[in-house]
Amino acid sequence: MGNDNTIRWGIVGAGRIARRFADGLAHVPGTVLAGVWSRRAESAGALAAPFGARAFEHFDALLGEVDAVYIATHQDSHPEYALRAFAAGKPVLCEKPAAVNARALQTMIDAARASKRLFMEAMKPPFYPLYTQLRAHLAADPIGDIGLVRAGCSIANVPATHPSFSMDIGGGALLDIGIYEAFLAVDWLGEALDVQTIGRIGATGVDTFASLNVRHERGISQLFCGLDLQGRGDALIAGTGGTVTIHENWWNPARATIMYLDGRKVELDAPFEGGGLNYETAHFCELLRAGAIESPVMSHATSMRMIAITDAARRDLGVRFPFETE
Ligand SMILES: NC(=O)c1ccc[n+]([C@@H]2O[C@H](COP(=O)([O-])OP(=O)(O)OC[C@H]3O[C@@H](n4cnc5c(N)ncnc54)[C@H](OP(=O)(O)O)[C@@H]3O)[C@@H](O)[C@H]2O)c1
């Protein structure tokens, strides 16, 4: 970090989400895109150029010139780059899913803790202004004991060439989309104790649709995710004294309606700026400046609880990636 506390970011991977992250830095004061590395020099160069950033030829060279690393490759390679970043003493913000299974995620958490470096999965919804307002509102004016989360998202027009259809990179609806719903469920209901899944497997072997009923420490969640139906939607959080609807698209939350049993209705309206990734980035930067190694909002335990759900659901559906040897 420079004397002025500016955080020099390095991006690994140069695809769709990497570009959105880079654009979002303009909304996070005290940050700069310092460098990009990806496996193809031309895509790293194309991402770096408009931001005046340097395209690195080698990942280790990038590590030497940045204060924080954002991993935006496909999920099969997240652990490899995270471990190399921690070994070089660099903190990591890692795209979701942080890893394809709990075993791989645990190696990342262990390495982060051993190196005492900040590590957070880039799960964006909890950092949006709407979600923060909702938490504060329910803390002050609760809807009783929350016992149900119902949420889903299915996208019908995913091109056949999209990485989500690839077994080789750890694709599938559960890891691409279901991980968001898993977050919402564990955030309000706690750890999953039992997962029951039905779904469909597509031609490439990935799960193309999954419907989950999950028993948690504090209630039940009903979740779905898909790559073959159109089912964009809202999310419902139900308590003994009322309900919250986070309106579509709930994973980019901007509006919620709270209905209380006593007839009161509260509307929360909090548009987001900058594409949305900027809020998690700003949170990460604050933690980094404060010397933290874990986020209290998106903790390591929360990431482990989320991946436990997708692991269990993939087991139910019989989806095992070729590189998963155990
Ligand atoms: N938070 C969100 O809203 C959000 C949205 C979409 C995706 N994501 C997550 O972001 C990650 C990337 O998704 P994407 O849609 O951006 O994919 P993408 O457009 O295909 O881009 C992936 C990039 O990473 C590079 N790459 C892939 N594997 C690599 C490896 N082993 N080593 C080095 N570079 C590698 C690719 O290189 P090539 O150009 O050579 O292929 C490409 O530049 C996924 O984990 C996905 O789940 C998050």
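Small disclaimer: the values here were computed from a predicted structure and weren't measured.

Considerations on the domain arrangement of the protein
Alright, step 1. Each assigned domain of the protein is listed here: domain 1 (7-123) and domain 2 (126-276 + 306-317).
Alright, step 2. For domain 1 versus domain 2, the distance between C-alpha centres works out to 26 Å.
Alright, step 3. In this assembly, 17 residues from domain 1 lie in contact with 20 residues from domain 2.
Alright, step 4. Overall, the association of domain 1 and domain 2 removes approximately 1,500 Å² of surface from exposure, summing both partners, and the carbon and sulfur fraction of that is 62%.
Alright, step 5. Contact with domain 2 buries surface across domain 1, with Lys-96, Val-100 and Met-123 losing the most and accounting together for 36% of the total.
Alright, step 6. Connecting domain 1 to domain 2 are one salt bridge.
Alright, step 7. With a closest N to O distance of 3.3 Å, Lys-96 and Asp-176 form a salt bridge.
Alright, step 8. Taken together, domain 1 and domain 2 are joined by five residue pairs in polar contact (both at pLDDT 80 or more).
Alright, step 9. Elements with a contribution of two residues or more to the side of domain 1 that touches domain 2: helix 1 (16-24), helix 5 (102-115) and strand 6 (119-122).

A word on the layout of surface pockets
Alright, step 1. Size it by volume and the largest pocket reaches roughly 1,300 Å³.
Alright, step 2. Forming the walls of the largest pocket are 43 residues, and the residues nearest its centre are Arg-16, Ile-17, His-162, Pro-163 and Asp-176.
Alright, step 3. When contributions to the lining of the largest pocket are tallied by element, the ones reaching two or more residues are helix 1, helix 4 (78-87), helix 7 (173-189) and helix 8 (277-290).
Alright, step 4. Top contributing element to the lining of the largest pocket by residue count: helix 7, with four residues.
Alright, step 5. Class assignment for the residues of the lining of the largest pocket results in 17 nonpolar, 14 polar and twelve charged.

What counts, and where the lines are drawn
Residue numbers restart at each chain and count upward from 1, following the sequence in its written direction. Given that this is a predicted model, residues contribute local features only at a pLDDT of at least 70 and side-chain atom pairs are listed and counted only at 80 or more, while totals for whole chains, interfaces and linings are drawn from all residues. As a convention, hydrogens and water are excluded, and side-chain values are obtained from all of the structure's heavy atoms. Residue ranges for the domains trace back to a domain assignment, done automatically or taken from a database. Residues count as neighbours in contact if any of their non-hydrogen atoms are within 4.5 Å of one another. For any pair of parts, buried area is found by adding up, for both, the accessible area (1.4 Å probe) each one loses once the two are put together. Here, a salt bridge means any Lys or Arg side-chain nitrogen found within 4 Å of an Asp or Glu carboxyl oxygen. Any pair of N or O atoms that falls within 3.5 Å is considered a polar contact. Within protein, one atom must be able to donate a hydrogen and the other to accept it, and sequence-neighbouring residues count only if both atoms are side-chain atoms. Every helix listed is a DSSP run of H or I at least four residues long, and every strand listed is a run of E at least two residues long, numbered separately from the N terminus. We place a 1 Å grid over just the protein atoms. Points where a 1.4 Å probe fits but has no way out form a cavity, open points with protein on both sides within 12 Å along at least 5 of 7 lines form a pocket, and any residue with an atom within 4 Å of a point lines it. Grid points are joined across faces, edges and corners, and a volume is the space filled by probe spheres set on the points. Residues are grouped as follows: Ala, Val, Leu, Ile, Met, Phe, Trp, Tyr, Cys and Pro are nonpolar; Asp, Glu, Lys and Arg are charged; all remaining types, including Gly, are polar.

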